[in-house]
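# Structure at a glance
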Amino acid sequence: LRAAAAMLRSASVQRERMAEAAAAGFSLATDVADYLVAKGLPFREAHGIVGRIVQRCLATGRTLATLPLDEYRAICPLFDDDVRHIDVWTSVSARDVPGGTAPERVRDALGAARKSTGVVREWVEAQRSRLATLESLPGNGPTPDLTREF
């Protein structure tokens, strides 16, 4: 854990590279299906249409972002130019539910994790204090070091 903590403290995030990697492949296919659902199509049908779009992308060497709008429309006329607005950031933000990936939800989860960590740290310190008190009693020797690494 100490090595991981040190590694994370010195890590740097390359936001653009992270976005590229997250959008690689067809990770946004479900978002494209959700787009069609928002236009009134049942998800089962939207899923099938997006499967055809992915097949078209694979056949032409394109991605969801680079497939021309006329090819989207050839498969389903419900597509408009706004399908181009689907990206990693809209995908993440769309999941604004408890435990979701929307920025506010992630901030909430981090806050809860920090609070829980604080509670655990307080408990550990209280136990250390109790152990120190026990060690100081006559007839008690030092307690084993419970914090050493194995």
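Summarised in this report is the structure supplied together with it. Keep in mind that this is a model prediction, so the values were computed, not measured.

The subject of this paragraph is the pattern of salt bridges. Scanning all chains against the criterion turns up nine salt bridges. Salt-bridge contacts for Arg-95 lead to Asp-31; the nearest nitrogen and oxygen are separated by 2.8 Å. One end of the pair, Arg-95, is in the loop between helix 6 (88-94) and helix 7 (103-136); the other, Asp-31, is in helix 3 (residues 29-38), with 64 residues separating them in the sequence. You can call Arg-95 partly exposed: its relative accessible area is 28%.

Here we come to the side chain of Glu-71. Relative to the helices and strands, Glu-71 resides in helix 5 (residues 69-75). For Glu-71, a relative accessible area of 17% translates into the label buried. Polar contacts involving the side chain of Glu-71 include one to the side chain of Arg-56, which spans 2.6 Å. In contact with Glu-71, not counting residues within four places along its chain, are Arg-56, Thr-60 and Arg-62.

Once that is clear, we can look at helix 3. All of the buried residues in helix 3 are Ala-29, Asp-31, Val-32, Ala-33, Tyr-35 and Leu-36. Next to the buried residues of helix 3 lie helix 4 (43-60), helix 5 and helix 6. Where helix 3 ends, the next residue or the one after it, Gly-40, has phi of about 105 degrees, a positive value.

The next subject is a nonpolar patch on the surface. A contiguous nonpolar patch, built from Val-13, Met-18 and Trp-89 and spanning about 310 Å² of accessible area, is present on the exposed surface. Looking at the element boundaries, Met-18 is found in helix 2 (residues 15-23).

Looking now at the packing of aromatic side chains. A complete count under the given rule lists two aromatic pairs for this structure. When the ring of Tyr-35 is compared with that of Phe-79, the centres are 5.6 Å apart and the planes differ by 5 degrees; the resulting orientation is stacked. Here Tyr-35 is found in helix 3, whereas its partner Phe-79 is found in the loop between helix 5 and helix 6, with 44 residues between them in sequence. According to the relative accessible area criterion, Tyr-35 is buried, its value standing at 11%. Among the aromatic residues, ring-to-ring pairing joins Tyr-35, Tyr-72 and Phe-79 into one connected group. A cation over a ring is seen here: Arg-15 above Trp-89, with NZ or CZ 4.5 Å from the ring centre.

Reading the values: the criteria
- Residues numbered from 1 in each chain as written.
- Predicted model: local features only at pLDDT ≥ 70, side-chain atom pairs only at ≥ 80, totals over all residues.
- Heavy atoms only, no water.
- Salt bridge = Lys/Arg side-chain N within 4 Å of Asp/Glu carboxyl O.
- Helix = DSSP H or I, 4+ residues; strand = E, 2+ residues; numbered from the N terminus.
- Buried < 20%, exposed > 50% of the residue type's maximum accessible area, 1.4 Å probe, protein only.
- Polar contact = N/O pair within 3.5 Å; in protein donor to acceptor, adjacent residues only side chain to side chain.
- Contact = heavy atoms within 4.5 Å.
- Patch = residues over 30% accessible without salt bridge, like charges linked within 9 Å, V, L, I, M, F, W, Y side chains within 5 Å.
- Areas by Shrake-Rupley, 256 points an atom, 1.4 Å probe, with all protein chains shown as cover.
- Phe/Tyr/Trp six-rings, centres within 6.5 Å; stacked < 30°, edge-to-face > 60°.
- Lys NZ or Arg CZ within 6 Å of the ring centre and 35° of its normal.

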